[in-house]
Amino acid sequence: MSSAPVRRTGDRDRRPELALSGKLELSLDVHLHTLLSPDSDVPLEVYPAAAIALGMPRIAITDHLDFDPRELGATMAPHRRRVEAVEQLRREFGDRVEILLGVEISYERRYEEEIRAHLQTNRYDLTIGSVHPGMDSPFRRSQAATWEGSPAAATAPYFDEVRMGIESGLFDIVGHLDYVRKYVYPHIPTESFAATPELYEPVLKALVETGTALEINSSGWRQRTGLPYPLPQAVERYRALGGTFVVAGSDSHRPEWFALNFDRVRTLLLVSGFDELATRRWKEAGERWPIRRD
């Protein structure tokens, strides 16, 4: 790794750390956050260096972008800064790993036109649309206790918002589809979601109908909910409905989370009947990212 420093942001300038907890179980990690996200302080060069160390051929840097002006992710890293950061990483590491300029956009239907205008003006190699409990959401962590004793069906507004994001056609990938589980846990337990497939059905059908890729987000395995986003049953149902586009993301905000639990992702995908990682954009470009079986 080059000794030349990559430009940092603010007071979070420090030497990169490599703490490899993941394994090369899959060829891609498409959900990675750096110090250009308000909730991460990972130096920009860590993930390319980690990918090279593991032998992973492609990654995507997907820092947060919010459109609610009250959120830090709305102003922290202007698009030009993101482009410059990835261009610099490509100059340093691009002969050893492919680095995609990605983004994770917090979808809220009230900001859909602003999101659309941004994506029409600014180009990305990969776009993830995710629903995060925003400033006005009843599912914010601070309000979790208000859901004590409620059934999973009470989170239907969250799933409706996810479906609207998919149907907008704005994104390559839907991120951590049932992430609301993290915020209402343990007051609404995971078992309640598993017993409420009707929450998932319209969302999974929207994925199939629009050709939006489903992210298997491995972060749930390292969080207290204990299972990925979405639940394994939802991954299997998506496949049964005819879903073909799937990707793997660690949702890493720390060096040691890179590609973490990708062995579990690989097993889940194979058991569910998938044989490759794909987005519609990659498929149309003739790309193949097979999932190894041995």
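Conventions and cut-offs
- Residues numbered from 1 in each chain as written.
- Predicted model: local features only at pLDDT ≥ 70, side-chain atom pairs only at ≥ 80, totals over all residues.
- Heavy atoms only, no water.
- Helix = DSSP H or I, 4+ residues; strand = E, 2+ residues; numbered from the N terminus.
- Axes fitted to C-alpha atoms, helices over the stretch in contact; angles between N-to-C directions.
- Parallel < 35°, antiparallel > 145°, perpendicular 65-115°, else oblique.
- Left-handed = near helix turned anticlockwise from the far one by under 90°.
- Contact = heavy atoms within 4.5 Å.
- Nonpolar A, V, L, I, M, F, W, Y, C, P; charged D, E, K, R; others polar.
- pLDDT = per-residue confidence, 0-100.
- Polar contact = N/O pair within 3.5 Å; in protein donor to acceptor, adjacent residues only side chain to side chain.
- Buried < 20%, exposed > 50% of the residue type's maximum accessible area, 1.4 Å probe, protein only.
- Arc of directions from axis to C-beta.
- Pairing = 2+ DSSP bridges.
- Right-handed = clockwise from strand over helix to strand, strands pointing away.
- Phe/Tyr/Trp six-rings, centres within 6.5 Å; stacked < 30°, edge-to-face > 60°.
- Core = buried A, V, L, I, M, F, W, Y, C linked by side-chain atoms within 4.5 Å.

Peer 1: Teacher, can you tell me more about unusual backbone geometry here?
Peer 2: Glycine aside, residues mostly have negative phi, and peptide bonds are mostly found in the trans state. Residue Tyr 185 is joined to Pro 186 through a cis peptide bond whose omega torsion reads 5 degrees. The topology assignment puts Pro 186 in the loop between α5 (180–184) and α6 (190–194). Residue Tyr 229 is joined to Pro 230 through a cis peptide bond whose omega torsion reads 0 degrees. Its place among the elements puts Pro 230 in the loop between β7 (213–217) and α8 (232–240). A positive phi angle is found at Asp 251, which is not glycine, with a value near 55 degrees.

Peer 1: Whenever I open this one, the packing of helix α7 (residues 201–210) against α8 confuses me. Can you help?
Peer 2: The packing of two helices is summarised by the inter-axis angle and the distance between the axes. Closest axis-to-axis distance for the α7/α8 pair is 10 Å, and the angle between their directions is 45 degrees. Taken together, the axes of α7 and α8 lie oblique to each other. Crossing angle aside, the handedness with which α7 passes α8 is right-handed. Only Ala 234, Arg 237 and Tyr 238 of α8 make contact with α7, whose side of the interface consists of Glu 201, Leu 204, Leu 207 and Val 208. Its residues assigned to classes, the contact of α7 with α8 comprises 5 nonpolar, no polar and 2 charged.

Peer 1: Explain the confidence of the model for the chain here, please?
Peer 2: Do not read the fine detail of predicted coordinates wherever pLDDT is low. Averaged over every residue, the pLDDT of the chain is 92; the share at 70 or more is 93%. Predicted confidence for residues 1–16 stays below pLDDT 50, and this span has 46 contacts to residues more than four positions away or in other chains.

Peer 1: Can you help me understand the side chain of Glu 201 in this one?
Peer 2: You can see Glu 201 is positioned in helix α7. One polar contact links Glu 201 to Arg 237, side chain to side chain, over a distance of 2.6 Å. With residues near it in sequence (within four places) discarded, Glu 201 still touches Arg 237 and Leu 241.

Peer 1: It is not clear to me how helix α3 (residues 112–121) should be interpreted in this structure. Could you clarify?
Peer 2: The periodicity of an α-helix, 3.6 residues per turn, causes residues three or four places apart in sequence to face the same way. Those residues of α3 not exposed but buried are Glu 112, Ile 115, His 118 and Leu 119. Down the axis of α3, the buried set is contained in an arc of 125 degrees. They therefore lie on one face. α3 presents Glu 113, Gln 120 and Thr 121 as exposed residues on the side facing more than 90 degrees away from its buried surface.

Peer 1: Even after reading the chapter, I still don't get the packing of helix α4 (residues 156–167) against α7, so can you show me in this structure?
Peer 2: Where α4 contacts α7, the axes come no closer than 9 Å and their chain directions differ by 5 degrees. Considering their axes alone, α4 and α7 lie roughly parallel with respect to each other. Judged by residue contacts, Phe 159, Val 162, Arg 163, Ile 166 and Glu 167 of α4 engage Pro 202, Val 203, Ala 206, Leu 207 and Thr 210 from α7. Looking at side-chain class alone, the contact of α4 with α7 contains 7 nonpolar, 1 polar and 2 charged residues.

Peer 1: Would you take a moment to explain the side chain of Ser 106 for this structure?
Peer 2: With respect to the secondary-structure elements, Ser 106 resides in strand β4 (residues 98–106). Looking at Ser 106, the relative accessible area reads 8%, which means it is buried. A polar atom in the side chain of Ser 106 sits 2.8 Å from the side chain of His 132. Not counting the four nearest positions on each side in its chain, Ser 106 is found in contact with Leu 65, Asp 66, Ile 115, Ser 130 and His 132.

Peer 1: Please clarify how the pairing of strand β1 (residues 28–32) should be interpreted in this entry.
Peer 2: The side chains of a regular strand alternate, residue by residue, between the two faces of the sheet. Most of β1 is tucked away: 5 of the 5 residues are buried. Sheet topology places β1 next to strand β2 (residues 58–61); 3 bridges connect them, and they run parallel. Note that in β2 the partner of Leu 32 across the bridge is Ile 61. The β-α-β motif built from β1, the intervening helix α1 (residues 46–54) and the parallel element β2 has right-handed crossover chirality.

Peer 1: Would you explain the packing of aromatic side chains in this entry?
Peer 2: The geometry of two aromatic rings is summed up by the distance between their centres and the angle between their planes. Using the criterion set out here, one finds 10 aromatic pairs in the structure. Summarising the aromatic geometry, the rings of Tyr 107 and Phe 171 are spaced 6.2 Å apart at their centres and angled 85 degrees between planes, so their arrangement reads as edge-to-face. Separated by 64 residues along the polypeptide, Tyr 107 in the loop between β4 and α3 and Phe 171 in the loop between α4 and β6 (173–174) bring together distant segments of the chain. Across the pair, exposure class does not vary: Tyr 107 and Phe 171 are buried alike. Measuring from ring centre to ring centre gives 5.0 Å for Phe 139 and Trp 147, while their planes differ by 20 degrees; the resulting arrangement is stacked.

Peer 1: What am I meant to see in α1 here?
Peer 2: Most of α1 is tucked away: 7 of the 9 residues are buried. Buried residues of α1: Val 46, Tyr 47, Pro 48, Ala 49, Ala 50, Ala 51 and Leu 54, and no others. Remark: Gly 55 follows α1 within two positions and exhibits a positive phi of approximately 85 degrees.

Peer 1: How do you make sense of the nonpolar core when you look at a structure like this?
Peer 2: Inside soluble globular proteins, nonpolar side chains tend to come together where they are buried. Judged by nonpolar contacts, the single largest core of 90 residues is most densely connected at Leu 177, Phe 193 and Phe 258. Among the elements that take part in this core, α1 stands out by supplying 6 residues, more than any other.

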